[in-house]
Amino acid sequence: MTAPLTTLRATGALRAFEAAGVLAPADVHVASRLGRLGGETSEPVLLATALTVRALRLGSVCVELGRLPDLAADAGDLPWPDPSRLTEAVRRSPLMTGGAAGPLTPLTLVDTPGGPLLFLTRYHRQEEIVRTALADRERDRPAVDLGAAAAALAALFPGPAPDRQRVAAALAATEWTTIVAGGPGTGKTHTAARILALLFALHGPALRVALAAPTGKAAARLQESIGAQAEELGLPAGLVATTLHRLLGPRRDSRGRFTHHAHNRLPHDVIVLDETSMVSLTMMARLAEAVRPATRLILLGDPDQLASVDAGAVLADLVARPPARPPGPALARLVPGDLGAEGFPDAERDQLGNAVIRLRHGHRFGAGIAALADAVRRGAADEAMAVLTSGDETVDLRPPDDLAGVRDDVVTTGLALLDAAERGDLTAALAALGTHRLLCAHREGPSGVGHWSRRSLAWLSRASGRVLDPDRRYPGLPLLVTENDDDAGLSNGDTGVVVRRDGGLVAAFDRGAGPLLVHPARLSSVHPAYAMTIHRSQGSQYDSVTVVLPDETSAILTRQLLYTAITRARRRVRIVGRESAVRAALGRPALRASGIGRTP
Ligand SMILES: Nc1ncnc2c1ncn2[C@@H]1O[C@H](COP(=O)(O)OP(=O)(O)OP(=O)(O)O)[C@@H](O)[C@H]1O
């Protein structure tokens, strides 16, 4: 039996950190358990261990021992250990060296030019796997027929220089790994479809291609988008996208292990992975092990989004790596006009050495949303406020007591859902689901999901003249999936709606071409989705979005959180909150630590 999550044993420093809310009971529990198993009693070492466990919970793979107090700058006075004494104590710890109790070494300390980093060994290994695989893949470059590649590039990308999409495709032709970064609507999928066309042109129709994404929903969108361009680009019809899990082949006999691994690699010539910012370090390591050296790996994603909820912002880390080598000579010969163009700065050219290209031009957003997202990404608070107060009708900042507009959007969307769902019109119901979404930073409290869900339901009940009880799954109830359910084909974060159908009810989930229908009784972990957290909205977009900000003291309110919320909107974004909260968010980049690109 596992021990209950009690922290009665927390003493001294751990207790102080737990009382201050810096450590959760589970952090202390894991650290104490490791300490007992490994024979470590030093309080500072156990504190550092608990802080490392906490860091994982918050998306960092390690902690910087020399800068521990930065982890909780707003937590007041706490008994932080002296960094150099702590580092020495960790170095000598049986948790590092293995003790009398056995060879268990759950901690790994890595010295870097920026100071010592403390990892849980398991995650350090995973970083090593990703780093080593990438370094191996960077040792050489694929041979390419430059004449054929130049001709195909010219046909696929006829625009003026600099065209970063063309550069992305040229990278994909000349590198084993290519990272195409960019915000929503910058054309990552558009480019991926053209990259495939280029690779088919170079290597013939037998090329084996895999399309993958971290969630079922993202895979469906990728497949739909590539499929819609297949005819125009001469791609084979019926390219199928799958989740990364399914690509690797989950094994029923062993959770976390896959059919494809270092000794049974994936057979594909090209693997395109979308929404890479949502891939955890663990899954990235599994993929890195399973990819053949001569497979082209194309990673697409937005590194400015919130990191994956599991540890590891692998994409952001890969994009931020200092250049390891100069750009390849073949690249310069394929796209000399783009690389030499005035609007293509040196810093971007250097990044090409790591096969990283960032698409910058938005093709989908209103100009207001794009300008706001860009200002938020850079933390430029005055610029963001100027956009928000410019009168541009695609972006708006409203004080928390000015709710008429939000109510209108909630009621219009809710009534459309009720109407379409009662009529059994799946297409209309799923379309209504994507028109407006309420996003909150928190789950609880006056700016949290619970409060705003109840408020939305009250508005909608009044407007529809019906008593709507989310516990009785009525037609028109929007749903949010909160756990992966492989058997039902649902992923954590999927949204759907209950619809009347053939005299009964079904839950419909958007899957591009055809909706996924699930009997409501088969749904295990779902909640009403009148409002949802920004974290859960990652990877989805809506026509219009209302973002409810907490007050400026909320530590969860970071630049990445606000960027992620804003970029969920295609046409209109309304922020409900005060200017002070917007400014606080922009002043708070999420502190994440990882070793990729830093360790020797
Ligand atoms: N070079 C281009 N010329 C014309 N239209 C483009 C170009 N690039 C992208 N688009 C269009 O812009 C829209 C957004 O492109 P796409 O879906 O590829 O972006 P994305 O970066 O993959 O977005 P997301 O991150 O939301 O998936 C699509 O309608 C696409 O056809």
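By the naming in an unreviewed UniProt entry, the protein chain is RecBCD enzyme subunit RecD, taken from Amycolatopsis deserti. The record held by UniProt for the protein chain lists under Subunit (unreviewed entry) the comment "Heterotrimer of RecB, RecC and RecD. All subunits contribute to DNA-binding." Here is the UniProt Catalytic activity (unreviewed entry) comment for the protein chain, exactly as written: "ATP + H2O = ADP + phosphate + H(+)".

**Q** How would you explain the overall build of the protein chain if you had to name every residue and give the values?
**A** What the protein chain contains, in helices and strands, is 23 helices and 21 strands. Computed over C-alpha atoms, the radius of gyration of the protein chain comes to 25 Å, within 12% of the 25 Å expected from 2.2 N^0.38 for 600 residues, which places it in the range of a compact globule. With the C-alpha coordinates of the protein chain rotated into their principal frame, the extents come out at 70 × 65 × 55 Å. Within the protein chain, contacts between residues separated by at least 24 positions form 74% of all contacts whose residues are at least 6 apart in sequence.

**Q** Now, about the environment of Val319: what can you tell me, with residues and values included?
**A** Within the secondary structure, Val319 is located in helix H13 (residues 314-320). Counting along the chain gives 245 residues from Val319 to Thr564, while the straight-line C-alpha distance between them is 18 Å. Excluding its chain neighbours within four sequence positions, the residues that come into contact with Val319 are Ile179, Ala181, Pro303, Gln351, Val356 and Arg358.

**Q** I'd like a rundown of the site of the ligand, residues and numbers included.
**A** Of all residues adjacent to the ligand, which total 13 residues, the nearest are Gln165, Lys188, Thr189, His190 and Arg364. Taking Gly185, its main chain carries an N or O atom lying 2.9 Å from an oxygen atom of the ligand. His190 is positioned such that a nitrogen or oxygen atom in its backbone is 2.8 Å from an oxygen atom of the ligand. Its free accessible area being 630 Å², the ligand has 67% of it covered by the protein chains. Comparing atom positions with the cavity grids shows the ligand to sit within the second largest pocket. At three residues, helix H9 (residues 188-203) tops the list of elements feeding residues into the shell around the ligand. Split by residue class, the shell around the ligand holds one nonpolar, nine polar and three charged.

**Q** Now, about the packing of helix H1 (residues 12-19) against helix H3 (residues 43-57): what can you tell me, with residues and values included?
**A** For the pair H1 and H3, interaxial distance at closest approach is 8 Å and the crossing angle is 35 degrees. Along the contact surface, H1 presents Gly12, Ala13, Leu14 and Phe17, while H3 presents Glu43, Leu46, Leu47 and Ala50. Tallied by class, residues from the contact of H1 with H3 come to six nonpolar, one polar and one charged.

**Q** Which residues make up the layout of surface pockets, and what are the values?
**A** Taken as a whole, the second largest pocket encloses approximately 1,200 Å³ of empty space. Forming the boundary of the second largest pocket are 44 residues, of which Arg221, Glu224, Arg364, Gln541 and Arg570 lie nearest the centre. Breaking the lining of the second largest pocket down by element, the ones donating at least two residues are H9, helix H10 (216-233), strand S10 (296-301), helix H20 (426-433) and strand S20 (542-548). With eight residues, the top contributor of residues to the lining of the second largest pocket is H10. Class assignment for the residues of the lining of the second largest pocket results in 13 nonpolar, 17 polar and 14 charged.

**Q** Could you give me a rundown of the UniProt feature "binding site: ATP" (unreviewed entry) in the protein chain, with the residues and numbers involved?
**A** On the UniProt side, "binding site: ATP" (unreviewed entry) is annotated at positions that read Gly182, Gly183, Pro184, Gly185, Thr186, Gly187, Lys188 and Thr189 here. Of the annotated residues named above, the ones that line the second largest pocket are Pro184, Gly185, Thr186, Gly187, Lys188 and Thr189. Leaving out residues up to four positions away in the same chain, Lys188 has contacts with Val180, Ala181, Gly182, Gly183, Leu300, Gly301 and Leu359. There is a polar contact of 3.0 Å between the side chain of Lys188 and the backbone oxygen of Gly182. Looking at the element boundaries, Thr189 is found in helix H9.

**Q** Mind laying out the sheet that holds strand S16 (residues 504-509), listing which residues take part and the relevant values?
**A** Taking strand neighbours across the sheet as the criterion, the five strands line up as S17-S16-S15-S14-S18 in an open arrangement whose pairing is antiparallel. Each edge of the open sheet is held by one strand with a lone partner, namely strand S17 (516-518) and strand S18 (526-528). For this sheet, the mean angle separating the axes of adjacent strands, direction not counted, is 40 degrees. Judged from the three bridges that link them, strand S14 (residues 478-481) and S18 form a sheet pairing that is antiparallel. Paired with Val481 across the strands is Val526, a residue of S18. Its contacts with the sheet place helix H19 (residues 404-423) against S14 and strand S15 (495-501), and it is angled at close to 45 degrees to S15. Across the sheet, H20 is in contact with S14, S15, S16 and S17; its angle to S15 comes to roughly 150 degrees.

**Q** Residues and numbers for the pairing of strand S13 (residues 436-440), please.
**A** For a regular strand, side-chain orientation follows a simple rule: the groups alternate between the two sheet faces. With respect to burial, S13 is a largely interior element, five of its five residues being buried. Going residue by residue along S13, you find His436, Leu438 and Cys440 tucked away on one face and Arg437 and Leu439 tucked away on the opposite face as well. The pairing of S13 with S20 spans five bridges and is parallel. Paired with Cys440 across the bridge in S20 is Val548.

**Q** Tell me what's going on with the packing of aromatic side chains, and back it up with residues and numbers.
**A** On inspection of all chains with the given rule, the structure shows two aromatic pairs. Both rings, one in Phe17 and one in Trp80, keep their centres 4.7 Å apart while their planes meet at 75 degrees; by these two values the pair is edge-to-face. With Phe17 in helix H1 and Trp80 in the loop between strand S1 (62-64) and helix H4 (83-92), the pair connects residues that are 63 residues apart, well separated along the chain. Grouping residues by exposure puts Phe17 and Trp80 together as buried. Plain terms: the ring middles of Trp452 and Trp459 are 6.4 Å apart, the flat faces sit at 75 degrees to each other, and that makes the pair edge-to-face.

**Q** Run through the pattern of salt bridges, naming residues and quoting values.
**A** Applying the stated criterion across every chain yields a total of 37 salt bridges. One salt bridge connects Arg91 with Glu88, and the closest N-O pair in it is separated by 3.4 Å. Linking Arg91 with Glu88, this pair stays in helix H4, spanning three residues, or about one helical turn. On the basis of relative accessible area, Arg91 is assigned to the partly exposed category, the value being 32%. Among the ionic pairs, Arg571 bridges to Asp543, the shortest N-O distance being 3.7 Å. With Arg571 in strand S21 (residues 569-576) and Asp543 in strand S20, this pair connects stretches of sequence that are 28 residues apart.

**Q** Residues and numbers for the environment of His436, please.
**A** Looking at where His436 falls in the secondary structure, it is placed in strand S13. Of the residues examined, His436 reaches a relative accessible area of 7% and is grouped as buried. With 18 residues separating them in the primary sequence, His436 and Leu418 have C-alpha atoms 14 Å apart.

What counts and what doesn't
- Residues numbered from 1 in each chain as written.
- Predicted model: local features only at pLDDT ≥ 70, side-chain atom pairs only at ≥ 80, totals over all residues.
- Heavy atoms only, no water.
- UniProt positions renumbered as here; feature names shortened; annotations may be inferred.
- Helix = DSSP H or I, 4+ residues; strand = E, 2+ residues; numbered from the N terminus.
- Rg over C-alpha atoms; globule rule 2.2 N^0.38 Å.
- Contact = heavy atoms within 4.5 Å.
- Near = heavy atom within 4 Å.
- Polar contact = N/O pair within 3.5 Å; in protein donor to acceptor, adjacent residues only side chain to side chain.
- Areas by Shrake-Rupley, 256 points an atom, 1.4 Å probe, with all protein chains shown as cover.
- 1 Å grid on protein atoms, 1.4 Å probe; cavity = no way out; pocket = protein on both sides within 12 Å on 5 of 7 lines; lining within 4 Å.
- Sits in = over half its atoms within 2 Å of the grid points.
- Nonpolar A, V, L, I, M, F, W, Y, C, P; charged D, E, K, R; others polar.
- Axes fitted to C-alpha atoms, helices over the stretch in contact; angles between N-to-C directions.
- Points joined across faces, edges and corners; volume = space filled by probe spheres on them.
- Pairing = 2+ DSSP bridges.
- Buried < 20%, exposed > 50% of the residue type's maximum accessible area, 1.4 Å probe, protein only.
- Phe/Tyr/Trp six-rings, centres within 6.5 Å; stacked < 30°, edge-to-face > 60°.
- Salt bridge = Lys/Arg side-chain N within 4 Å of Asp/Glu carboxyl O.

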